[in-house]
Amino acid sequence: MQKCDDCPGGKFQGASRSTRCLGCEHGGYCPNASSSVLPCPKGRYGPSAGLRGVDECTICSVGSFCSIGSQEPARCRAGTYTATSGQDLCSTCKAGLYQDSPGASSCRMCIEGHWCTFDQQVPCGSDTFNPWPGSALQTNCTRCPARTTTDGKIGSTRIEDCSCSAGFYFASEAHADKRREDNAEACVARCCVCPIGETAQLKPAPCKPAPARLWHAACRARAPILPPLQGRIAATRTSAAR
């Protein structure tokens, strides 16, 4: 009676009365005398056919993961990472950290002036600031004090980035206190409103007499200040008489 031969390593045969062995498929390995393909374990992958043992399955590299029977490593998606090789799952970035690139081996610290989801870093909006790194919530961005603005700048990191809004000027503490003695609402913190008939041209500068036409972000242009109608008529007659 003829004896059956074992399939060599790297091949298998699961059917009886077979005359040949089949090649071991990608993603698995076949030891000597295998009747089926054994999948490469978690954290490893089988990049080629005909592997003969589990040690021939390649270890998954950092920044990627390999589930059981993988033919190739899969990169971790944005917001996740693997710091060591041989992993079957990627870890999600913790609060205050982010990773916006796939295939990463670590997460990045969210910098000042921003807040972060696990996969992106978002700048604080205009008129807000955030001096702290590692912020995970939009509410970590603090609104500028009343009467101040960042002039459209985003990603501000200091309260000093908030300057007096249009129509107000930045005053010394002593000056602001003096203004508040006459009008409690004249100054909020150190941003003061100009007295009637004056306007702030530059935020740090003192007020100066208002021009005939005053443009303001929240106001229409002021009409030129003209003398009363009767006065204009009299002036016209006098000029004509001359």
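Because the structure is a prediction, the values reported are computed rather than measured.

A. Structural context of the sheet that holds strand E21 (residues 191-193). What the three strands build is an open sheet, ordered E19-E21-E20; its pairing is antiparallel. In the strand order of this sheet, the two ends are held by strand E19 (168-170) and strand E20 (187-188), each with one partner. When E20 meets E21, the two strands line up antiparallel, connected through two bridges. Bridge pairing links Cys187 to Cys192 in E21.

B. Broad picture of the state of the cysteines. Enumeration over the complete set of coordinates arrives at 11 disulfides. Here Cys7 connects covalently by a disulfide to Cys21, the sulfurs 2.0 Å from one another. Across the disulfide from Cys7 to Cys21, rotation about the S-S bond amounts to roughly -95 degrees, and the bridge is consequently left-handed. Taken together, the residues Cys7 in the segment before strand E1 (11-12) and Cys21 in the loop between E1 and strand E2 (22-23) connect sequence positions 14 residues apart. On the basis of relative accessibility, which here comes to 8%, the residue Cys7 falls in the buried class. A relative accessible area of 23% places Cys21 in the partly exposed class. The disulfide partner of Cys76 is Cys90, and the gap between their sulfur atoms is 2.0 Å. Between Cys76 and Cys90, the disulfide has an S-S torsion of -85 degrees and is therefore left-handed. A residue pair is termed long-range when its members are at least 10 positions apart, and Cys76 in the loop between strand E8 (74-75) and strand E9 (80-81) and Cys90 in the loop between E9 and strand E10 (91-92) qualify at 14 residues. Of the residues examined, Cys76 reaches a relative accessible area of 0% and is grouped as buried.

Procedures and definitions
- Residues numbered from 1 in each chain as written.
- Predicted model: local features only at pLDDT ≥ 70, side-chain atom pairs only at ≥ 80, totals over all residues.
- Heavy atoms only, no water.
- Pairing = 2+ DSSP bridges.
- Helix = DSSP H or I, 4+ residues; strand = E, 2+ residues; numbered from the N terminus.
- Disulfide = S-S within 2.5 Å.
- Buried < 20%, exposed > 50% of the residue type's maximum accessible area, 1.4 Å probe, protein only.

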